[in-house]
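Each chain is listed here by its residues.
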Amino acid sequence: MLHIQQLAQAAPRLTDVPVNFEGVDAAARAAGFEPGDAVAGTWCKFGDKLNPLGAPFNGSPALGVVFPTGFLATSGKSGRRGFDGGSVPFARCRDIDTNHFEGIGFGHYMVHFWGPGGVLMGFLYWTHDAPKAGLGSLFGRQRDFRSEIMAVAEEQERIVGILESLKS
């Protein structure tokens, strides 16, 4: 439990979610991962359905944990399947890709995990607020969101780098 907790504390806190670390360890074991093998933690959202435009249809804030053999996203709380969240075993994952979306007032950076036959196994993503420059002036507010956007982009790049290093 302590190892995953240390990885979580070292990761940039981009998503606010209360976590039961004993439950995270139990969820890792239930998904077939050894908690002591964890290599990285990230505060993100995880989902498994995209809308027709490729945007997240579902997704819950979670602590994401990267293992040499897969990815787990959970808050460590009990759910219908034994724990809330999801996991992706890398043995079944055929491809990983990324995407970035900027909407009016928000944006997200994603990592998709694709299985056999192009089936979406799951995705993790990080969101940010990013009102267009003109919108802030309508309400008499001017704020520079670039640092928040770059923090989200850097976290996606950090996790993608770790995932790529595990493939080689």
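Up top is the structure these notes are about.
The notes below deal with the structure included here. Remember, it's a predicted structure, so these values are computed and weren't measured experimentally. (Residues numbered from 1 in each chain as written. Predicted model: local features only at pLDDT ≥ 70, side-chain atom pairs only at ≥ 80, totals over all residues. Heavy atoms only, no water.)

## Quick word on the overall build of the protein chain
Part 1 of the reasoning: If you tally the helices and strands in the protein chain, you get four helices and seven strands.
Part 2 of the reasoning: Starting at the N terminus and ending at the C terminus, the protein chain contains elements arranged as α-α-β-β-β-β-β-β-β-α-α.
Part 3 of the reasoning: Residue burial in the protein chain is summarised as follows: out of 168 residues, 42% are buried.
Part 4 of the reasoning: Summarising the internal contacts of the protein chain: among those between residues at least 6 apart in sequence, 56% fall at separations of at least 24.
Part 5 of the reasoning: Per element, the accessible surface of the protein chain, about 9,100 Å² overall, is 54% carbon and sulfur. (Helix = DSSP H or I, 4+ residues; strand = E, 2+ residues; numbered from the N terminus. Buried < 20%, exposed > 50% of the residue type's maximum accessible area, 1.4 Å probe, protein only. Contact = heavy atoms within 4.5 Å. Areas by Shrake-Rupley, 256 points an atom, 1.4 Å probe, with all protein chains shown as cover.)

## Thoughts on the pairing of strand β6 (residues 105–114)
Part 1 of the reasoning: Counting buried residues in β6 gives seven out of 10 residues, a clear majority hidden from the surface.
Part 2 of the reasoning: The sheet contact formed by strand β5 (residues 95–102) and β6 spans eight bridges and is antiparallel. Considered in β6, the bridge of glutamate 102 is made with glycine 107.
Part 3 of the reasoning: Linking two consecutive strands that pair antiparallel, namely β5 and β6, is a turn of two residues. (Pairing = 2+ DSSP bridges.)

## Examining the packing of helix α1 (residues 2–10) against helix α2 (residues 21–30)
Part 1 of the reasoning: Between α1 and α2, the shortest axis-to-axis distance is 9 Å and the interhelical angle comes to 110 degrees. Considered as vectors, α1 and α2 are oriented roughly perpendicular to each other. Of the two elements, α1 crosses α2, and the hand of that crossing is right-handed. Counted together, Ile4, Gln5 and Ala8 of α1 and Phe21, Val24 and Asp25 of α2 form the full contact between these two elements.
Part 2 of the reasoning: Split into classes, the residues belonging to the contact of α1 with α2 amount to four nonpolar, one polar and one charged. (Axes fitted to C-alpha atoms, helices over the stretch in contact; angles between N-to-C directions. Parallel < 35°, antiparallel > 145°, perpendicular 65-115°, else oblique. Left-handed = near helix turned anticlockwise from the far one by under 90°. Nonpolar A, V, L, I, M, F, W, Y, C, P; charged D, E, K, R; others polar.)

## Quick word on the packing of aromatic side chains
Part 1 of the reasoning: Inspection of every chain in the model, using the stated rule, returns six aromatic pairs.
Part 2 of the reasoning: Where phenylalanine 90 meets phenylalanine 113, the ring centres are 6.3 Å apart and the plane angle is 25 degrees; that geometry is what we call stacked. Pair noted here: phenylalanine 90 is in the loop between β4 (86–89) and β5 and phenylalanine 113 is in strand β6, with a separation of 23 residues, a long-range link. Across the pair, exposure class does not vary: phenylalanine 90 and phenylalanine 113 are buried alike.
Part 3 of the reasoning: Their ring planes at 40 degrees and their centres at 5.6 Å tell us that phenylalanine 123 and tyrosine 125 sit as a pair that is tilted. The pair formed by phenylalanine 123 and tyrosine 125 is uniform in burial state, with each residue classed as buried.
Part 4 of the reasoning: What links up through ring pairs into an aromatic cluster is the set Phe46, Phe71, Phe90 and Phe113.
Part 5 of the reasoning: Here the guanidinium or amino end of arginine 13 rests over the ring plane of tryptophan 43, the centre of that ring lying 3.6 Å away. (Phe/Tyr/Trp six-rings, centres within 6.5 Å; stacked < 30°, edge-to-face > 60°. Lys NZ or Arg CZ within 6 Å of the ring centre and 35° of its normal.)

From the geometry alone we can't say anything about function, so treat these as descriptive.
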